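Listed here are the chains, written in short residue letters.
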Amino acid sequence: MGFEKCDYEHTLFIKTDQRGKILIVSVYVDDLMYTGTDPLMFTSFVSSMKQKFDMTDLGNIRYFLGLEVLQFPNNIFISQRKYALEVVKRFGMNDSNSVKNPIVPGVKISKDIGSDERVDKSHYEQLVGSLMYLTTATRLNLSYVVGLFSRYMENPSVKHKLVAKRVLRYLKGTAHFGIRYKKGKVNELIAYTDSNYAGDIDDRKSTSGYVFMFSSGAVSWSSKKQPVVSLSTTEAEFIAAAAYLHGRSKHINVRFHFLREMSKDGIINLVYCASQEQLADLMTKPLKLGTFLELRKSLGVCSELEVNCKSEDKMRSCSLREDVEDTN
């Protein structure tokens, strides 16, 4: 059928015709969704698939692998509202008071729990795993704090769990939040990188963070403790900048020359970013409430209530199963 498999995501297939139009198909077991730039390619694809498989076309996608998709004329909104509410309920936080930020600025936790009471390790691991799925799909503004308390799964304490429970309280009040992608915005891939120098009080390793933006919304992100101890803020920044392009090398001189060559060849354009415009700052440290809310908005994270238009570009979903409950 002329598809090429993506080198980095093995369930993603791309087809490009002679006119330069594209069709993108994502497959998960016997479910798939597709999108692209030409409705005629949609029709041809569905027709050819139905000739080979007993397939049900479920129409415009609304729900896929826990992701909820709303399509409007000028926006596409992706969230995990149902899953977020299930997580809050599962861990007994339904009756808790919601908070406006997932972590209090200045909070520090460490492996040294002293006389602090230990908590059930299995329950703690389940909590971390449930929140991790949110951070990888739509809730990038939780990436730093979830990554922080996930470091202590080996020997969790009450203090560690209190930090995690605050995230659940924040999630309760923002379950309807997701990422909005706006039509007509500059379709240029922009990456922000930042680091929090020597932020880990156990080993003084820094935290790297990056965010890729496209059509006013985040499309890829990471918050991760660096593998080596940086000897300066400059080294920490270089490690953070190189991590999103070439995460394998631990040596600062290799990273420096790698970035230099990429910039020289015109593959990337390195630009200084002022602190107030540094979106990746949210991925590396706890922030004051005002700054947190401003950066969250700039990343495209917003409430479903703020999205009030309808979208012309549609993603559609299909099932190869014979008996499928139409959730659309």
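Sequence order as written defines the numbering, with residues in each chain counted from 1. Only residues with pLDDT of at least 70 get local features here, since the model is predicted, and only at 80 or more are side-chain atom pairs given and counted; chain-wide, interface and lining totals rely on the full set of residues. Processing note: side-chain calculations cover all non-hydrogen atoms of the structure and skip hydrogens and water entirely.

1. Re the environment of Thr138
So, step 1. Put simply, DSSP H or I for four residues or longer makes a helix, DSSP E for two residues or longer makes a strand, and each gets a number counted from the N terminus. Mapped onto the elements, Thr138 comes out in the loop between helix 3 (121–137) and helix 4 (143–149).
So, step 2. Look at Thr138 and you get buried, because its relative accessible area is 0%.
So, step 3. Sequence-wise, Thr138 and Ile179 are 41 residues apart; in three dimensions their C-alpha atoms are separated by 6.2 Å.
So, step 4. In this structure, Thr138 is in contact with Leu67, Ile78, Ser79, Gln80, Ile179 and Trp221, ignoring residues within four places of it in sequence.
So, step 5. Within the structure, Thr138 has its side chain in polar contact with the side chain of Gln80 (distance 2.6 Å). Burial classes: relative accessible area under 20% of the type maximum marks a residue as buried, over 50% as exposed, and values in between as partly exposed (1.4 Å probe, protein chains only). Working rule for contacts: check all heavy atoms of both residues, and any pair within 4.5 Å makes them a contact. Distance and chemistry together define a polar contact, namely a pair of N or O atoms within 3.5 Å, with one atom able to donate a hydrogen and the other to accept it when in protein, and with adjacent residues in sequence counting only for side-chain atoms on both sides.

2. Some points on the sheet that holds strand 8 (residues 75–79)
So, step 1. When DSSP locates at least two bridges between a pair of strands, those strands are taken to pair. Taking strand neighbours across the sheet as the criterion, the 5 strands line up as 6-7-8-9-13 in an open arrangement whose pairing is antiparallel. The outermost strands of the open sheet, each flanked by one partner alone, are strand 6 (63–64) and strand 13 (301–303).
So, step 2. Judged from the 2 bridges that link them, strand 6 and strand 7 (residues 67–71) form a sheet pairing that is antiparallel. In the sheet register, Tyr63 faces strand 7, and the bridge partner there is Glu68.

3. Remarks on helix 3
So, step 1. The length a helix should cover is 1.5 Å for every residue beyond the first. Between the first and last C-alpha of helix 3 there are 25 Å, a value that for 17 residues agrees with the 24 Å anticipated at 1.5 Å per step.
So, step 2. If you check which residues of helix 3 are buried, you get Tyr124, Leu127, Val128, Ser130, Leu131, Leu134 and Thr135. Taken end-on, helix 3 shows its buried residues confined to a sector of 165 degrees, consistent with a single buried face.
So, step 3. The inward-facing, buried residues of helix 3 abut helix 2 (81–90), helix 4, helix 5 (158–173) and strand 12 (217–225).
So, step 4. In this structure Asp120 caps helix 3, since a side-chain oxygen of it lies 3.3 Å from the backbone nitrogen of Ser122. An arc is given here, and it is the one of the directions from the helix axis to the C-beta atoms.

4. Description of the packing of helix 2 against helix 5
So, step 1. Interaxial angles span 0 to 180 degrees and are taken between N-to-C directions of axes, which are lines fitted to C-alpha atoms, for helices over the stretch in contact. The interhelical angle for the contact between helix 2 and helix 5, taken along N-to-C directions, is 135 degrees, at an axis separation of 9 Å. As judged from the angle between their axes, helix 2 and helix 5 are oblique. By crossing handedness, the relation of helix 2 to helix 5 is classed as left-handed. When helix 2 is examined against helix 5, the residues Ala84, Val87 and Val88 are found in contact with a partner set consisting of Leu168, Leu171 and Lys172. Oblique is the label for any angle not under 35 degrees, not over 145, and not in the 65 to 115 range, which are roughly parallel, roughly antiparallel and roughly perpendicular in turn. In this scheme the crossing of two helices becomes right-handed for a clockwise turn of the near helix relative to the far one and left-handed for an anticlockwise turn of less than a right angle.

5. Side note on the sheet that holds strand 12
So, step 1. An order of 10-11-12 is seen for the 3 strands of this open sheet, with the pairing classed as antiparallel. At either margin of the open sheet sits one strand with a lone partner, and together these are strand 10 (190–196) and strand 12. Averaged over all neighbouring strand pairs, the angle between strand axes comes to 10 degrees, with direction disregarded.
So, step 2. As judged from the 8 bridges shared by strand 11 (residues 207–214) and strand 12, these two strands associate in the antiparallel manner. Paired with Tyr210 across the two strands is Ser222, which belongs to strand 12.

6. Focus on helix 1 (residues 39–52)
So, step 1. Between its first and last C-alpha, helix 1 extends 21 Å over 14 residues, near the 20 Å set by a 1.5 Å rise per residue.
So, step 2. Along helix 1, the residues that are buried comprise Met41, Phe42, Phe45, Val46, Ser48 and Met49. Projected down its long axis, helix 1 carries its buried residues within an arc of 170 degrees, all on one side. Seen from the open side of helix 1, the exposed residues pointing more than 90 degrees away from its buried face are Pro39, Leu40, Thr43 and Gln51.
So, step 3. On its buried face, helix 1 is in contact with strand 2 (12–16), strand 3 (22–28), strand 4 (31–36) and strand 5 (56–60).

7. Notes on the nonpolar core
So, step 1. Formed by 50 residues in total, the largest nonpolar core has its most connected members in Leu131, Leu140, Phe149, Leu171, Val211 and Leu299.
So, step 2. When sequence neighbours within four positions are dropped, the list of residues in contact with Leu171 reads Ala84, Val87, Val88, Leu131, Leu134, Arg139 and Leu142.
So, step 3. Residues belong to one nonpolar core when they are buried, are Ala, Val, Leu, Ile, Met, Phe, Trp, Tyr or Cys, and are joined through side-chain atoms within 4.5 Å. Ranked by size, the runner-up nonpolar core spans 10 residues in total, among them Val25, Tyr34, Met41 and Met49.

8. Concerning the confidence of the model for the protein chain
So, step 1. With 89% of its residues at a pLDDT of at least 70, the protein chain reaches an overall mean of 87.
So, step 2. Confidence per residue, as judged by the predictor, is encoded in pLDDT with a range of 0 to 100. Every residue in residues 309–313 scores below 50 in pLDDT, and together they form 19 contacts with partners more than four places removed in sequence or on other chains.
So, step 3. Segment residues 321–328: pLDDT under 50, and 15 contacts once partners within four positions in sequence are set aside and those in other chains are kept.

9. Thoughts on the packing of aromatic side chains
So, step 1. Pairing of aromatic rings covers Phe, Tyr and the six-membered ring of Trp, with a centre-to-centre limit of 6.5 Å; geometry is then stacked below 30 degrees between planes, edge-to-face above 60, and tilted otherwise. Applying the stated rule across the entire model yields 7 aromatic pairs.
So, step 2. Seen from their ring centres, Tyr34 and Phe42 are 5.6 Å apart, and the 65 degrees between their planes marks the pair as edge-to-face. Grouping residues by exposure puts Tyr34 and Phe42 together as buried.
So, step 3. Between Tyr170 and Phe292 the ring centres are 5.9 Å apart and the planes differ by 75 degrees, which places this aromatic pair in the edge-to-face class. One end of the pair, Tyr170, is in helix 5; the other, Phe292, is in helix 8 (residues 289–298), with 122 residues separating them in the sequence. By the burial criterion, Tyr170 is buried, and Phe292 matches it.
So, step 4. Grouping aromatic residues by their ring pairs yields a cluster made of Phe3, Tyr34, Phe42 and Phe45.

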